[in-house]
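# Report on the structure
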Amino acid sequence: MFIFYLIIISFLNLLLGFLALTRNRKDPTNITFFASTIFLSSWIIINYLADHATDSSLNLLFTKLTMVFAFLAVSVFYIFSKIFMNSNIKINLHTKIISIITFIIVLLSLIT
């Protein structure tokens, strides 16, 4: 029964993000909100899989992925809150480079 609620919550979360994105696809606020809903829904599902995995290697993988998606969700939500507070803000090249480097470092943490 818990998995049913998990799927419904993730679906509604993604639907909310998709609706925000379809209102204006070029608005950075809508784009970052949509990205945060994707990462939050992924984090919810992977966190459930980490708790209910039967194999220890899958359990370890899902636990690491839980940490990755939690970090990504918080990072994107921080960017969303900065953009939401100042609607004139643009994401410059420096911010994009830092975000890509941080994403690569987080993905490399899966190997350890």
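Residues numbered from 1 in each chain as written. Predicted model: local features only at pLDDT ≥ 70, side-chain atom pairs only at ≥ 80, totals over all residues. Heavy atoms only, no water.

Counting secondary structure elements, the protein contains four helices and zero strands. Burial analysis of the protein (112 residues in total) assigns 26% to the buried set. Contacts in the protein between residues far apart in sequence, at least 24 positions, make up 60% of those at least 6 positions apart. Of the roughly 8000 Å² of accessible surface on the protein, a fraction of 75% belongs to carbon and sulfur atoms. (Helix = DSSP H or I, 4+ residues; strand = E, 2+ residues; numbered from the N terminus. Buried < 20%, exposed > 50% of the residue type's maximum accessible area, 1.4 Å probe, protein only. Contact = heavy atoms within 4.5 Å. Areas by Shrake-Rupley, 256 points an atom, 1.4 Å probe, with all protein chains shown as cover.)

Turning our attention to the layout of surface pockets. In this approach a probe as big as a water molecule rolls over the atoms, and the regions it shows empty are the leftover space. Roughly 420 Å³ of internal volume is contained in the largest pocket. At the level of secondary structure, the elements contributing two or more residues to the lining of the largest pocket comprise α2 (28-52), α3 (56-85) and α4 (93-108). Split by residue class, the lining of the largest pocket holds 12 nonpolar, five polar and one charged. (1 Å grid on protein atoms, 1.4 Å probe; cavity = no way out; pocket = protein on both sides within 12 Å on 5 of 7 lines; lining within 4 Å. Points joined across faces, edges and corners; volume = space filled by probe spheres on them. Nonpolar A, V, L, I, M, F, W, Y, C, P; charged D, E, K, R; others polar.)

Together, Met-1, Ile-3, Phe-4, Tyr-5, Ile-7, Ile-8, Ile-9, Phe-11, Leu-12, Leu-15 and Leu-19 give the surface a local cluster of nonpolar side chains, amounting to about 1100 Å² of exposed area. By the secondary structure assignment, Ile-8 is in helix α1 (residues 2-23). (Patch = residues over 30% accessible without salt bridge, like charges linked within 9 Å, V, L, I, M, F, W, Y side chains within 5 Å. Salt bridge = Lys/Arg side-chain N within 4 Å of Asp/Glu carboxyl O.)

With that settled, the discussion passes to the side chain of Ser-41. As for its placement among the helices and strands, Ser-41 is situated in helix α2. You can call Ser-41 buried: its relative accessible area is 3%. A polar contact is formed between the side chain of Ser-41 and the side chain of Asn-13, at a distance of 3.1 Å. Setting aside anything within four residues of it in sequence, one finds Ser-41 in contact with Ser-10, Asn-13 and Leu-14. (Polar contact = N/O pair within 3.5 Å; in protein donor to acceptor, adjacent residues only side chain to side chain.)

To continue, consider α2. For α2, which comprises 25 residues, the first-to-last C-alpha distance of 36 Å matches the rise-based estimate of 36 Å (1.5 Å per residue) to within 8%. Within the span of α2, buried status applies to Pro-28, Thr-29, Asn-30, Thr-32, Ser-36, Thr-37, Phe-39, Ser-41, Ser-42, Ile-46, Tyr-48 and Ala-50. Contact partners of the buried residues in α2: α1 and α3. (Expected span 1.5 Å × (residues − 1).)

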